[in-house]
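Here are the chains, one letter per residue:
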Amino acid sequence: MTNMIGLILSESYLQLNGLTDKRSVEALPIAGRYRLVDFMLSNMVNSDITSVGIVTKTKYSSLMDHLGSGKEWDLNRKNGGLHIIPPYSGRGIQGLSEGTIDLIASASSFIRRSKEDHIILSKGNIVANIDLKEVEKFHEENSADITLVYYESKEATNRDLGDHIVLEVDDNCRVRGIEIRPIRPKSRNVFMNMVLMGTGLLQYSIDEAYARGDRDFIRDLLIKNLSNLKICAYKFEGYVGFVHSVCTYYSANVDMLKEDVRREIFNSSRPIYTKIKDQVPARYGSEASVHNCLIADGCIIQGDVRDSIIFRGVNIGKNTKVSNCIIMQDSVIEAGCELKHVILDKEVTVRDGGRLIGDLTHPMIIDKGEVV
Amino acid sequence: MARIECVAMILAGGQGSRLGVLTNEVAKPAVPFGGKYRIIDFPLTNCSHSGISTVGVLTQYQPLDLNTYIGNGGPWDLDRNNGGVYVLPPYVSMSENKWYKGTANAIYHNIQFIEKFNPKYVLVLSGDHIYKMDYRKMIDFHKEKEATATIAVMSVPWEEASRFGIMDADEDGKIIEFHEKPENPISNQASMGIYIFDWENLKIVLEEDEKDENSSKDFGKDIIPKMLSNKMPMYAYRFQGYWKDVGTVHSLWEANMDIIADPPLFNLNDSNWRIYSRNPIKPPHYISNDAVITNSCVTEGCNIFGDVDHCVISDGVTIEKGAKVRDSVIFPNVHISSDAVLEKVVVGEGTVIGKGAEIGLESKDDNPYASHLCTNDIVLINGNIKIPDGAKIYKNSMVRTFDIGGGDRT
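What you see is a predicted model; the values in this text were computed from it and never measured.

Moving on: the domain arrangement of chain A. Residues and elements named next belong to chain A. The domains assigned to chain A are domain 1 (4-265) and domain 2 (283-366). Contacts between the two partners involve 21 residues from domain 1, matched on the other side by 22 residues from domain 2. Here domain 1 meets domain 2 over a buried area of about 1700 Å², counting both sides, of which 69% is carbon and sulfur. Together, G32, Y250 and L257 form the three largest contributors to the area buried by domain 1 at its contact with domain 2, with a combined 39%. Here domain 1 is connected to domain 2 by 1 salt bridge. A salt bridge links R23 to D345; the nearest nitrogen and oxygen atoms lie 2.8 Å apart.

The subject of this paragraph is the packing of helix 6 (residues 199-211) of chain B against helix 7 (residues 219-229) of chain B. Residue and element names in this part refer to chain B. Following both chains from N to C, one finds helix 6 and helix 7 inclined at 120°, their axes separated by 10 Å at the closest point. Classified by the interaxial angle, the pair formed by helix 6 and helix 7 is oblique. Along this stretch, helix 6 crosses helix 7, giving a crossing that reads as right-handed. Together, L202, V205, L206 and D209 of helix 6 and F219, D222, I223, K226 and M227 of helix 7 make up the contact between the two elements. A breakdown of the residues in the contact of helix 6 with helix 7 according to their chemical character gives 6 nonpolar, no polar and 3 charged.

Another aspect to go through is the side chain of T349(A). Within the secondary structure, T349(A) is located in strand 26 (residues 349-350). With residues up to four places along the chain from it excluded, the contact list for T349(A) reads V332(A), E334(A), E370(A), V371(A) and V372(A).

Our focus in this paragraph is the confidence of the model for chain B. Residue-level pLDDT values for chain B average 91, and 97% of them are 70 or greater. Among the scores for the predicted complex, ipTM is 0.90 and pTM is 0.91.

Residues and elements named next belong to chain A. Spatial strand order, 15-18-21-24-27: 5 strands in an open sheet with parallel pairing. Because the sheet does not close on itself, it has two edges, and the strands there are strand 15 (289-291) and strand 27 (355-357). If you compare each strand with its neighbour and ignore which way they point, the axes differ by 5° on average. With 3 bridges joining them, strand 24 (residues 338-340) and strand 27 adopt parallel strand pairing. Looking at the pairing, K340 lines up with I357 of strand 27.

So, about the interface of chain A and chain B. Facing the 34 residues of chain A at the interface are 39 residues of chain B. Linking chain A with chain B are 3 salt bridges, by the criterion used here. R33(A) is the salt-bridge partner of E300(B), the closest N and O atoms lying 3.1 Å from each other. The interface formed by chain A and chain B contains 23 residue pairs in polar contact (both at pLDDT 80 or more).

Our focus in this paragraph is the pairing of strand 4 (residues 54-58) of chain B. All names here are of chain B. Taken across its 5 residues, strand 4 has 5 buried, putting it largely inside the fold. Residues T54, G56 and L58 line one face of strand 4 and the alternating positions V55 and V57 line the opposite face, and both faces are buried. In terms of strand pairing, strand 1 (residues 6-11) meets strand 4 through 4 bridges, oriented parallel. Across the sheet, A8 pairs through a bridge with V55, a residue of strand 4. Following the backbone out of strand 4, through helix 2 (residues 64-70) and into the adjacent parallel strand 5 (residues 84-88), one traces a crossover that is right-handed.

Turning our attention to the sheet that holds strand 26 (residues 352-353) of chain B. Within the open sheet, the 11 strands sit side by side as 28(A)-25(A)-22(A)-19(A)-16(A)-14(B)-17(B)-20(B)-23(B)-26(B)-29(B). Their pairing is mixed. Of all strands in the sheet, those bounded by a partner on one side alone are strand 28 (364-366) of chain A together with strand 29 (386-387) of chain B. Strand direction decides the pairing type here: strand 20 (residues 318-319) of chain B and strand 23 (residues 335-336) of chain B, joined by 2 bridges, are parallel. When the bridges of strand 23 of chain B are listed, I319(B) appears paired with I336(B).

Each value, and the rule that gives it
Residues numbered from 1 in each chain as written. Chains lettered and ligands numbered in written order. Predicted model: local features only at pLDDT ≥ 70, side-chain atom pairs only at ≥ 80, totals over all residues. Heavy atoms only, no water. Domains from an automatic or database assignment. Contact = heavy atoms within 4.5 Å. Buried area = accessible area lost by both parts, 1.4 Å probe. Salt bridge = Lys/Arg side-chain N within 4 Å of Asp/Glu carboxyl O. Axes fitted to C-alpha atoms, helices over the stretch in contact; angles between N-to-C directions. Helix = DSSP H or I, 4+ residues; strand = E, 2+ residues; numbered from the N terminus. Parallel < 35°, antiparallel > 145°, perpendicular 65-115°, else oblique. Left-handed = near helix turned anticlockwise from the far one by under 90°. Nonpolar A, V, L, I, M, F, W, Y, C, P; charged D, E, K, R; others polar. pLDDT = per-residue confidence, 0-100. Pairing = 2+ DSSP bridges. Polar contact = N/O pair within 3.5 Å; in protein donor to acceptor, adjacent residues only side chain to side chain. Buried < 20%, exposed > 50% of the residue type's maximum accessible area, 1.4 Å probe, protein only. Right-handed = clockwise from strand over helix to strand, strands pointing away.

What follows is the structure in structure tokens.
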């Protein structure tokens, strides 16, 4: 049993070209049959959390459509369950909420109603399979006020780290410094945007911060309190895929072609749940040639497909070559086409003989519903 | 409770003994089919799409898997406030042990259940047929003809007609004669085991039949002939489309092959009539660099490294590098090790095939696993067993446990 509730905060300022025109980043289709938010939501459910709030900000209809009543995550409960918290719901907020503190404040009635002692705050743009019960155990063993979750990114360049929040952690797992998008990072400890703290402490801190006019959770609540509160850091050792740009979106997808990553992320004792579509098994035609691909149900594959992620209900015609692509749900690629380094959004049609070539560093994106 | 127009009763108690080891531990309707389905998904899906939301599933033989599979009926949209799906096993009452003696007896024992909903019609279905059918059209036909009973029929090849209940109907569809498995069939219109009855009349006939000691308490053998001799208006509803009784190993294999034919003889990929099932919670399947995959269907959770042609691969199956699998039906969570060769094999759930095993070799005379249940060169391998590395198994075999036995001798 756990004594936690979960709160997922929408990451609405992120823009991934056309991919986020009509949906928030949490609702991005990923890994063939999932939406990005499925990973964090499943992590919470698999850690026995039965009450989860999702604070939305803009373009949330796609997310709401995906989550429904929360049935697929076993979150359609009498007690607790899934709460989708729309913007404009905080006290005194006149317009759209601006900072993280506003986002959390808009969930204050959800937080106040909960009986659990701890709350996990997280963003929804991360691919990882993490046991949050371990984080809670760590939090209690260290008698921490706040626990931040991080991973050590050994291969990241300073430039990569410049996209993240970097933690300085001492030998006793205490956080000694927090740097936001540093130019000269002092460590390779990347904060995973996951925070565990007391529900009461969060409520109190948000009330106080709100009264002061503070807006930012990291700057105003964490950095300012590094010496007043016991802020500890829990090191996560597994695979982490952050999605904050088209490139990281692309690599988080193709990472699923690696056997060790797939095995860890889709660990059968902590499965990743998603919306069920009742698609038929994928069918391969007589001329199909498929190598190193992740393929979802409902596809009909008749062409040559390599190193790609193919979502549910995609149709790939004869004599068509698809390589290094991400093809989203219900797209149709007709006969004799060639696609390389392309991201097709949902329901795109590529007509007979179409040729689309992108680059590994700049994959070509075709917007939802387009006909090429 | 609000009156419900039509209650469906699915007969799911059959042992399915002709499916050999596949039904050792599960009832026939719970046998996997088509990669991610079980046979019972088809009648349940048909009910759901036909707007019939009150469904009784009559179980008897090995009901545990079926019970857990059906659960609250959510996957078929049958978790309803009024109605929904009910699993109805036989029970012991004050006066007797109500083990179902026949198909009609099973309905008879659930008269109270049906009465609770006070329906006008009762739709009786079989839990072991593969087909897509809109029962609403059949109910409309039943109403239009003001029939007491309507039986769905389809044309079958004349040479097979003697395996079925055969109907002779006039031009209007009114049934004149009915013969269960006749030696010399008078028509090729075969009963599909799908019946609509006016509940009031059916109840009377069921109660009478129950008192008849000579009755075998079966719809085809007793109830339909009784209704006919009572001159009740009965009609044959002609169904056109795919329908298959998957009662034998060969017909089960064949029906699986029908969905991967090009174009499919039975199309499951119909967005207006999606087949509902309890979906496995598994990621998309992975096809490796070394794999060759053609003319097959594959579903979630599979990892394919070998060579697969003309197969139905269920969820969670791993086929290692160098393995060659042809014309086979692989049930969930099977592991086929490297360099194994399988031809025309049905492999039960969770079985492990050892390295370099050869299954489906040319027949030999003293085949220890030979079985009369496995014909047309098919090999049937039990679920949850291990076939050792390098094992050799010949055509027309049934393997219960390797080295200990199989075939007809066990």
